[in-house]
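What follows is each chain in one-letter form.
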Amino acid sequence: MCDLGLTLGIAAEIANAAGQASAAGKNIASTKARYQINQAGLQRDFITQTNAANKDAYQASLEGDRAKSLAVASGAGMTGVTAGLRLAEQSQQTALSIGNAKDRRDAAGANYILEGKGLQLDASKAISRQRPNAMSTFMDVATSGLKNYGAFQ
């Protein structure tokens, strides 16, 4: 015949383990949802920063073209070495502005990747902490039954 204390102890620990597994499942789902929300915000920031950098580069290109066109159309001071120097300086400034915008776009991409990986690692760590250990659960169930063995004799 089976001991009542053993049976009740095992049943109680099984119910406890089931409750812990259910709570862990809900916490894991919450962690995954939080990760997805954070990732979406990170992606939005990346798109915003990339678009701003692209617009700045395009604006710099337009300003460079406009300045060159104005200098050529006006013809003022377009004789001698001064005209060439002005156009070269404007071209250099345009290239620098475009280069800065490309750097900002590249930095936005790097930030997106690195921060995304950080979020992924944090979520993975939180999930692994929430997941119940099967061996620990088994040992808890087994020992809880033994603790109450012979309690009702």
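Caption draft 1: How the structure looks around the overall build of the protein. Within the protein, the secondary structure is distributed over 3 helices and 0 strands. Secondary structure of the protein in N-to-C order comes out as α-α-α. For the protein, restricting intrachain contacts to residue pairs at least 6 apart in sequence, the fraction spanning at least 24 positions comes to 86%. About 10,600 Å² of surface is accessible on the protein, with carbon and sulfur atoms providing 59% of the total.

Caption draft 2: How the structure looks around a nonpolar patch on the surface. On the surface, a nonpolar cluster with roughly 340 Å² of combined accessible area is contributed by Met135, Phe138 and Met139. On the secondary structure map, Met135 appears in helix α3 (residues 134-147).

Caption draft 3: Up close: the pattern of salt bridges. The final tally for this structure, using the stated rule, is 2 salt bridges. Of the charged contacts, one joins Asp45 and Arg44 as a salt bridge, the two residues approaching to 2.8 Å between their closest N and O atoms. Two residues, Asp56 and Arg104, come together in a salt bridge whose shortest N-O distance is 2.4 Å. Of the two residues, Asp56 is situated in helix α1 (residues 4-74) and Arg104 in helix α2 (residues 81-130); the sequence distance between them amounts to 48 residues. Overall, Asp56 belongs to the partly exposed group, its relative accessible area being 36%. The class of Arg104 is partly exposed, set by a relative accessible area of 41%.

Caption draft 4: Main features of the packing of aromatic side chains. Under the criterion given, the structure shown has 1 aromatic pair. For the ring pair Phe46 and Tyr112, a centre distance of 4.8 Å and an interplane angle of 25° mean the geometry is stacked. Here the residue Phe46 occupies a position in helix α1, and Tyr112 occupies one in helix α2, the gap between them amounting to 66 residues.

Caption draft 5: How the structure looks around the confidence of the model for the protein. Taken over all residues, the pLDDT of the protein has a mean of 81, while the share at 70 or more is 86%. Mean pLDDT across the elements of the protein ranges from a minimum in α3, with 73, to a maximum in α2, with 85.

Caption draft 6: Region of interest: the environment of Lys55. Looking at where Lys55 falls in the secondary structure, it is placed in helix α1. With relative accessibility at 60%, the residue Lys55 sits in the exposed group. Considering only alpha carbons, one finds Lys55 and Ile98, 43 residues apart in sequence, at a separation of 9.9 Å.

Caption draft 7: Layout of the side chain of Thr50. Position of Thr50 among the secondary structure elements: in helix α1. Exposure remark for Thr50: the relative accessible area of 13% places this residue in the buried category. Among the polar contacts listed, one links the side chain of Thr50 to the backbone oxygen of Phe46, at a separation of 2.8 Å. Once residues lying within four places of it in the same chain are set aside, the contact partners of Thr50 are Arg105 and Ala108.

The rules behind the values
- Residues numbered from 1 in each chain as written.
- Predicted model: local features only at pLDDT ≥ 70, side-chain atom pairs only at ≥ 80, totals over all residues.
- Heavy atoms only, no water.
- Helix = DSSP H or I, 4+ residues; strand = E, 2+ residues; numbered from the N terminus.
- Contact = heavy atoms within 4.5 Å.
- Areas by Shrake-Rupley, 256 points an atom, 1.4 Å probe, with all protein chains shown as cover.
- Patch = residues over 30% accessible without salt bridge, like charges linked within 9 Å, V, L, I, M, F, W, Y side chains within 5 Å.
- Salt bridge = Lys/Arg side-chain N within 4 Å of Asp/Glu carboxyl O.
- Buried < 20%, exposed > 50% of the residue type's maximum accessible area, 1.4 Å probe, protein only.
- Phe/Tyr/Trp six-rings, centres within 6.5 Å; stacked < 30°, edge-to-face > 60°.
- pLDDT = per-residue confidence, 0-100.
- Polar contact = N/O pair within 3.5 Å; in protein donor to acceptor, adjacent residues only side chain to side chain.

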